[in-house]
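Now for the letters of each chain:
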Amino acid sequence: MAFDLDLIQKVYSELPGKIAIARQLIGRPLTFAEKILYAHTFQPTTEPYVRGKDYVNFAPDRVAMQDATAQMALLQFMTCGRDKVAVPSSVHCDHLIQAKVGAKEDLAAANDVNKEVYDFLASISNKYGIGFWKPGAGIIHQVVLENYAFPGGMMIGTDSHTPNAGGLGMIAIGVGGADAVDVMAGLPWELKMPKLIGVKLTGKLNGWASAKDIILKVAGILTVKGGTGAIVEYFGEGADSFSATGKATICNMGAEIGATCSLFAYDEKMADYLRGTSRADIAALADKVKDHLRPDAEVYADPAKYYDQLIEINLDELEPYVNGPFTPDLATPISQMAEAVKANGWPDAVEVALIGSCTNSSYEDISRSASIATDAMSKGLKAKSEFTITPGSEMVRFTIDRDGFLKTFDQMGGIVLANACGPCIGQWARHIDDPTRKNTIVTSFNRNFAKRNDGLASTHAFVASPEIVTAFAIAGSLSFNPLKDKLVNEKGEEVMLAEPKGFELPAKGFAVDDAGYQAPAADGSKVEVIVNPTSSRLQLLEPFTPWEGTSLHGLRLLIKAFGKCTTDHISMAGPWLKYRGHLDNISNNMLIGAVNAFNMETNKVKNLLTGEYGEVPATARAYKAAGIGSVVVGDENYGEGSSREHAAMEPRHLGVRAIVVKSFARIHETNLKKQGMLALTFADKDDYNKVQEDDTMDIIGLTTFAEGKPLTMVLHHANGTTDEITLNHTYNEQQIEWFKAGGALNVIRSEFSTK
C-alpha cells in the first residue's frame, strides 16, 4: 500500500518547475541532491545558496521517530500548542526490545516491561495524527524503506541512520527531537547548505563483495568525520547495477562518516523495489519525472566540476572489508585481515557473529547469508560461533520464514531475535563467562564503538557484510578469508565455502499477516494522553530558563573529555534506554562514559566545591544546587554517532552552560543549539591543553553575541594566573535567539501563544 500518495503526486507535479528555477538561478547543471534541496525550500528560492556557508529553511515531506527518541520529541511537541502534526509523521517501536532469549520471548518481555511507554506513544500518536508501528513491526529504517520512502522526497528522522531512505533516492536526514518538533509544528527546518561529495561507482559487484563493502571502503577513505556537513551522492553505472536495499545499506552507514545524508539517483532497481513492496503507483509516477530524479547529464560527463570532492571506486576490483575494532573507519581488506589480527593482537576467536539490524536485514541480505549456511551444512560444517539473526521488519521475517531461510539458520545453530534494534544499540543481555576477558564479536551492524553492543570495554567489535559475518560464524576465526581459505569438516575433509547467491526480491513476492501498523484517529481531540506524575519512565517537561542577559562568570570545569567522545559516551543506551522519556532520571548517565583527561578514568571528576572526586552527574548536580554553572571541554568530532538529543538535554538540565571542543559532529552541535546551550570551538585547537582541572571560567562577549563574532573564555587557574582564549561558533541570528530564549522550544511556544 502506498502511504501519502497525494503528497507524492504534489511533489512530482511541482518538481520540474522548481528544478528549472534552481538551474536558472545557479546557472549550471544540477546534481541530484541539489534538485531535491532546491525543490524543498520552505519559501520559493530567489538566490543560489553557498554550500557549507548559508543556512537554508527547508520543508521536509515527513517525519519518522523511533520509540527511544520519540518520547522526548513528543513530550516537547505536546507543549507547543498544535492539535495535529502538520506533515505526515510516524512512530516506530524498535529500540526498547532487549535481545535475551529469542524473538517470541523477548517481544513478550518488552511489551510487559515497556507497557507504560508504549501506551503513551500509542495514545499521543493517536491524538496528534501520527502513524504508530507497534513493537515487533520492525526497525524504523527498514519499515520506512518498505512503506514511506520515495525518490525525490525529503524527510527527517529522530535517528542518525535515517539516511537509509537514500536507497530509494530520498534525502533523509537524522536530527534531534527538537528539529522534528519544528517540522511537525509546520515551521521551517533549518540546515546549513551541505557540501557535496561525489562517489563514482564503475564496474559491478561480484563474488563475495557486497554493497556493504562499498561503504566500509568509503569509511576508510573519509574517516568518521570526513563527511561532516556534506551529502554523499553515489552515481555511475556501478551505482545502477545493484539493488535498492544494497543502496540503503550504504546510505545507512553514511552516518558513520559524519555525512548529513547519502543519496542514490532513481533507477530501475528502485522501481523494482517499489513495485515489489506494493507501490507500483509510486514507481509509475517517478518514471514520468525520471530525468528530474537523476543528476543532469553534464554532471555524469564531468563530475569533478560539480562536487566538492570526488571519489572513484571500481566495483570489479572491490574485495570484502572488515572494519574495527572500536571505530567504524578502521578498514581492513579481507586479504589483509589475518595479518592485521596477528599484528594488533586482536582476539582471533569469533565468539558471537550477528547479522541483521537496520543496516543489513533485507531479503537479499538474508537470502545470501542463507545460501552460505546451506552450502556449509552440505559440506559437513556448522557454526562454531554463537550466531544470531535480526530481521529488519515483520514483512521480511514473515517472508524469509515462508521461504525456508529461518529454518536454514536454525539448522546451522542460529538464534532468531525480534524484529528490533537489539544488540546493534546495546539492547543485548549477552551471556559471557568473564566480562573482563578480551573477546571478539563480528556484526553486520553499522557502529562498533567500545561498549556499544554489549556494554563491555573488553569486547572487540568488528563490522562486515552479512555474508562475511556468516562465514566468520562458520569458521569461528577472525583470520578466516573465505575467498581462499579452506575449512575442515566433521569428516576431517578440507572444504571451501561457495560464493554467496541470493535474491534481490522474493520470487513469490513479500507476504505478511500483520505488519504492525496502527492508523491514528481521524479526530484526536478527545484522546487523552496520560503521564503519571510518579512515573520513573516518563516526565512532563518544564521550559528551560532563558539567558540572564550577561556574560557568564565563575563557571566550573565539569570534565575535560579525552579522545573520542560519542553520544554513547555522553548518554549511554543499553539499560538507560528505559529512561529516555524521563529527563531527570536519564541525566544520571550524563558523560559517565567519557574519559577524564586528568586521570584517564571514566565517571570520576573533581568536585571543585569539596576537592573530592565523584561521578560526573552527581558533581554536576552539586554545582547546579549551589547555583554555579559548569563547562564541558572536549576533543575532535565531539558528539559523533547517534542523533539522541538526550546528550544535549542532560547537560542543559544539570546546569552545564557551554560545551567547548576542538570540533563537533553536525547533529550534536545542532541539538545543543536547540536546547539553548553554547556550542563553541577553540579558535586555536592547542588551547585545549591550557584547560586545567581546577579552573574557574568566564565566557565573555554574550551581550554582543552575533553571527561570525568570536567569544572569549577566561581561564582562572588555581595558581592565580589566567589565560584568555578565543572561541568560535557557527550561530546565526535565529540560533542566537534560541540561546537567549532558553531553547528553540521556548521560541515556538511564544510564537504559537500569540496566534
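Everything quoted here is computed from the prediction, not taken from an experiment.

J.: I would appreciate a short explanation of the sheet that holds strand β30 (residues 722–728) in the present structure.
T.: As a general point, the strands of a sheet are linked pairwise by backbone hydrogen bonds and lie either parallel or antiparallel. Here seven strands make up a closed barrel; going around it, the order is β22-β25-β26-β27-β30-β29-β28 and the pairing mixed. Put simply, the sheet's adjacent strands are angled 40° from each other on average, direction ignored. Pairing geometry for strand β26 (residues 656–661) and strand β27 (residues 678–682), over four bridges, is parallel. Residue pairing across strands places Val 660 opposite Leu 680, the latter belonging to β27.

J.: Looking at this structure, I do not really get the pattern of salt bridges. What am I missing?
T.: With the rule as written, the count across this model stands at 39 salt bridges. Residues Arg 621 and Asp 584 are paired through a salt bridge, measuring 3.0 Å at the closest nitrogen-oxygen approach. Of the two residues, Arg 621 is situated in helix α20 (residues 616–625) and Asp 584 in helix α19 (residues 583–586); the sequence distance between them amounts to 37 residues. Connected through shared salt-bridge partners, Glu 351, Arg 430, Asp 433, Arg 437 and Asp 454 make up one network.

J.: Quick question: what am I supposed to make of the packing of helix α1 (residues 5–26) against helix α2 (residues 32–39) here?
T.: A pair of packed helices is captured by two measures, namely the crossing angle of their axes and the spacing between those axes. One can describe the packing of α1 onto α2 by two numbers: an axis separation of 9 Å at closest approach and a directional angle of 110°. Classified by the interaxial angle, the pair formed by α1 and α2 is roughly perpendicular. Contacts between α1 and α2 involve Leu 15, Lys 18, Ile 19, Ala 22, Arg 23 and Ile 26 from the first element and Lys 35, Tyr 38 and Ala 39 from the second. In terms of residue class, the contact of α1 with α2 is made up of six nonpolar, no polar and three charged.

J.: I keep staring at the layout of surface pockets and nothing clicks. Help me out?
T.: Empty space among the atoms can be located by rolling a probe the size of a water molecule over them. The space that makes up the largest pocket amounts to roughly 680 Å³. Along its surface, the largest pocket is lined by 36 residues, and Lys 192, Thr 228, Gly 229, Arg 666 and Glu 669 are the ones closest to its centre. Of the residues forming the lining of the largest pocket, the biggest block, seven residues, is contributed by helix α22 (residues 666–674).

J.: Whenever I open this one, the pairing of strand β25 (residues 630–634) confuses me. Can you help?
T.: Consecutive side chains along a regular strand alternate between the two faces of the sheet. Counting buried positions along β25 gives five out of five residues, so the element sits mostly inside the fold. With four bridges connecting them, strand β22 (residues 552–560) and β25 associate as parallel partners. Residue pairing in the sheet places Ile 559 in a bridge with Val 632 of β25. Across five bridges, the pairing between β25 and β26 is parallel. Residue pairing across strands places Val 632 opposite Ile 659, the latter belonging to β26.

J.: Hey, could you run me through the packing of aromatic side chains in this one?
T.: Where two aromatic rings form a pair, the distance of their centres and the angle of their planes describe that pair. Scanning all chains against the criterion turns up 23 aromatic pairs. Between Tyr 363 and Phe 405, the ring centres sit 5.6 Å apart and the planes meet at 55°, which makes this aromatic pair tilted. Taken together, the positions of Tyr 363 in helix α14 (residues 363–378) and Phe 405 in helix α16 (residues 405–412) put the pair 42 residues apart, joining distant regions of the chain. For the pair Tyr 363 and Phe 405, one class covers both residues: buried. Through a chain of ring-to-ring contacts, the aromatic side chains of Phe 3, Trp 133, Tyr 148 and Tyr 517 assemble into a single cluster. Above the face of the Phe 242 ring, Lys 247 is positioned so that its terminal group lies 4.9 Å from the ring centre.

J.: It is not clear to me how the sheet that holds strand β9 (residues 230–235) should be interpreted in this structure. Could you clarify?
T.: Here we have four strands laid out as an open sheet, ordered β10-β9-β8-β11, and parallel in their pairing. Whereas interior strands pair on both sides, the edge strands pair on one side only; in this sheet they are β10 (261–264) and β11 (309–314). Across this sheet, the average inter-strand angle for adjacent strands is 20°, counted without regard to direction. Where strand β8 (residues 195–202) lies against β11, six bridges are found, and the strand directions are parallel. Across the sheet, the residue bridging to Lys 200 is Glu 312, located in β11.

Definitions and cut-offs
- Residues numbered from 1 in each chain as written.
- Predicted model: local features only at pLDDT ≥ 70, side-chain atom pairs only at ≥ 80, totals over all residues.
- Heavy atoms only, no water.
- Pairing = 2+ DSSP bridges.
- Helix = DSSP H or I, 4+ residues; strand = E, 2+ residues; numbered from the N terminus.
- Axes fitted to C-alpha atoms, helices over the stretch in contact; angles between N-to-C directions.
- Salt bridge = Lys/Arg side-chain N within 4 Å of Asp/Glu carboxyl O.
- Parallel < 35°, antiparallel > 145°, perpendicular 65-115°, else oblique.
- Contact = heavy atoms within 4.5 Å.
- Nonpolar A, V, L, I, M, F, W, Y, C, P; charged D, E, K, R; others polar.
- 1 Å grid on protein atoms, 1.4 Å probe; cavity = no way out; pocket = protein on both sides within 12 Å on 5 of 7 lines; lining within 4 Å.
- Points joined across faces, edges and corners; volume = space filled by probe spheres on them.
- Buried < 20%, exposed > 50% of the residue type's maximum accessible area, 1.4 Å probe, protein only.
- Phe/Tyr/Trp six-rings, centres within 6.5 Å; stacked < 30°, edge-to-face > 60°.
- Lys NZ or Arg CZ within 6 Å of the ring centre and 35° of its normal.

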